[in-house]
Amino acid sequence: MSLPTEFHEVAKRVNNWGRWGTDDEIGTLNLITDDVVREAARSIRSGRRVPLALPLRQDGVQTGMIPGRVNPLHVMVQINQEIFGPGTVACSDDAVTMGLQAGTHWDALTHVSHSGRLYNGRPADTITPHTGAAFAGIDKARHIVSRGVLLDIPRALGLDTGRLPGGHAVTPEDLDAAEEWAGVRVRAGDIVLVRTGQVQAYLAGDKHGYAFPSPGLSIRTPEWFHARDVAAVANDTMTFEIFPPEIEDLWLPVHALHLVEMGMPQGQNWNLEELSTACGEAGGYDFLLSAMPEPFVGGTGTPVAPVAVL
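Residues numbered from 1 in each chain as written. Predicted model: local features only at pLDDT ≥ 70, side-chain atom pairs only at ≥ 80, totals over all residues. Heavy atoms only, no water.

**Student:** What is the right way to look at the packing of aromatic side chains in this model?
**Tutor:** Both the distance between ring centres and the angle between the ring planes are used here to describe each pair of aromatic rings. Enumeration according to the criterion identifies six aromatic pairs in this entry. Ring centres of W181 and Y285 lie 5.3 Å apart, and the angle between their planes is 65 degrees; on these two criteria the pair is classed as edge-to-face. Taken together, the residues span a long stretch of sequence, with W181 in helix α4 (residues 172–182) and Y285 in the loop between α9 (273–282) and β13 (286–290) at a distance of 104 residues. With a centroid separation of 5.3 Å and 80 degrees between ring planes, the pair formed by W224 and F225 is classed as edge-to-face. Classification of W224 by relative accessible area gives buried; the value is 6%. These aromatic residues form a ring-pair network of at least three members: F212, F243 and W251. (Phe/Tyr/Trp six-rings, centres within 6.5 Å; stacked < 30°, edge-to-face > 60°. Helix = DSSP H or I, 4+ residues; strand = E, 2+ residues; numbered from the N terminus. Buried < 20%, exposed > 50% of the residue type's maximum accessible area, 1.4 Å probe, protein only.)

**Student:** Please explain the nonpolar core as it appears in this structure.
**Tutor:** Nonpolar side chains tend to gather and get buried jointly when the protein is soluble and globular. In this structure, W106, L151, L193, F225, W270 and L275 are the most contacted members of the largest nonpolar core, which totals 58 residues. If you look at the next biggest cluster of nonpolar residues, it comprises eight residues, including V61, V199, Y210 and A211. (Core = buried A, V, L, I, M, F, W, Y, C linked by side-chain atoms within 4.5 Å.)

**Student:** Explain unusual backbone geometry to me, please; I cannot follow it from the model alone.
**Tutor:** With glycine set apart, most residues show a phi of negative sign, and most peptide bonds adopt trans. The residue after F212, namely P213, is reached through a cis peptide bond having omega -10 degrees. Among the secondary structure elements, P213 is positioned in the loop between α6 (207–211) and β10 (216–217). In this structure, P244 follows F243 across a cis peptide bond, with omega equal to 5 degrees. Inspection of the secondary structure assignment puts P244 in the loop between β11 (232–235) and α8 (253–262). One non-glycine residue, D249, lies in positive phi territory at about 70 degrees. By secondary structure assignment, the location of D249 is in the loop between β11 and α8.

**Student:** Explanation requested: the packing of helix α1 (residues 5–14) against α8 in the structure shown.
**Tutor:** Axes are the key here: two packed helices are described by the angle between their axes and the distance separating the axes. Here α1 crosses α8 at 35 degrees, and the two axes come no closer than 10 Å. As for how α1 packs across α8, the hand of that crossing is right-handed. Note on element contacts: α8 touches α1 through P253, A256, L257, E261 and M262, opposite F7, V10, A11 and V14. Residues that form the contact of α1 with α8 fall into these classes: eight nonpolar, no polar and one charged. (Axes fitted to C-alpha atoms, helices over the stretch in contact; angles between N-to-C directions. Left-handed = near helix turned anticlockwise from the far one by under 90°. Contact = heavy atoms within 4.5 Å. Nonpolar A, V, L, I, M, F, W, Y, C, P; charged D, E, K, R; others polar.)

**Student:** Could you clarify how one ought to interpret the pairing of strand β7 (residues 145–152) in this entry?
**Tutor:** Consecutive side chains along a regular strand alternate between the two faces of the sheet. β7 sits mainly inside the fold: seven of its eight residues count as buried. Direction of pairing for β7 relative to β13: antiparallel, over a ladder of five bridges. Bridge pairing in β13 places V145 opposite S290. (Pairing = 2+ DSSP bridges.)

**Student:** I would appreciate a short explanation of a nonpolar patch on the surface in the present structure.
**Tutor:** Together, L73, V75 and V77 make up an exposed nonpolar region whose accessible area comes to about 240 Å². Secondary-structure assignment places V77 in strand β2 (residues 73–81). (Patch = residues over 30% accessible without salt bridge, like charges linked within 9 Å, V, L, I, M, F, W, Y side chains within 5 Å. Areas by Shrake-Rupley, 256 points an atom, 1.4 Å probe, with all protein chains shown as cover. Salt bridge = Lys/Arg side-chain N within 4 Å of Asp/Glu carboxyl O.)

Shown next as structure tokens:
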């Protein structure tokens, strides 16, 4: 089934192919300049640090809904072993097998394709079984540090539960309302964190309810991020965009618009609950955000342990 006309019309309006050159592999991360980072440092007021990652654990967020995306399997390969002989210092080592997008993560620009193409018009078949993503793998996104902005949608909409209902598609109007409520303006090079409150379900022990049904970003929002030259976007859901989709049989259109058309990384499974509280206590919704990707060569995604510094 081909993608509908509505999708292609939005794609034309947000397309960034060639904007930073035909060989570019990092897309909107080009917007995080030295000047942007210096200005981001001004967002630090108290030095309070808020971790945004979910713990990596064998009973993590994955339910089997996404084939092959397994929760971390952690095993010990050495336990107090005196590897240099009796009486020497003993070592304990461990190993892990997991899906790179199993927990809190960034999607690389190669995580999805459409119409046989990746970001910047590269062929989708450049991703191979043995080398992964030869073009625009997550290892090319060497540093993701910028000003972060929390758009707290349920708080801005005055929801007593602090959580959007499962069928809520976050719209540009919601993003505008969150900006106004927080007294902040998203600017070029920012990393936007969109809080839906959906992660509350997982934190309460309902990982199936966390995954489905889920609020998330509407197909109308990529134009909002494009107009503001946002560098990257992350939220607190499994699928990032509303799930099931708002347009019948149009699966993951926001992924395709962000990653393929715009070249904008996106993140899922971020825990924004403590950050929501901290920003409210501080009376400010911008901060320095460090969200360095693990540099898996050829990876189409990576675990990340982001930290917001208020």
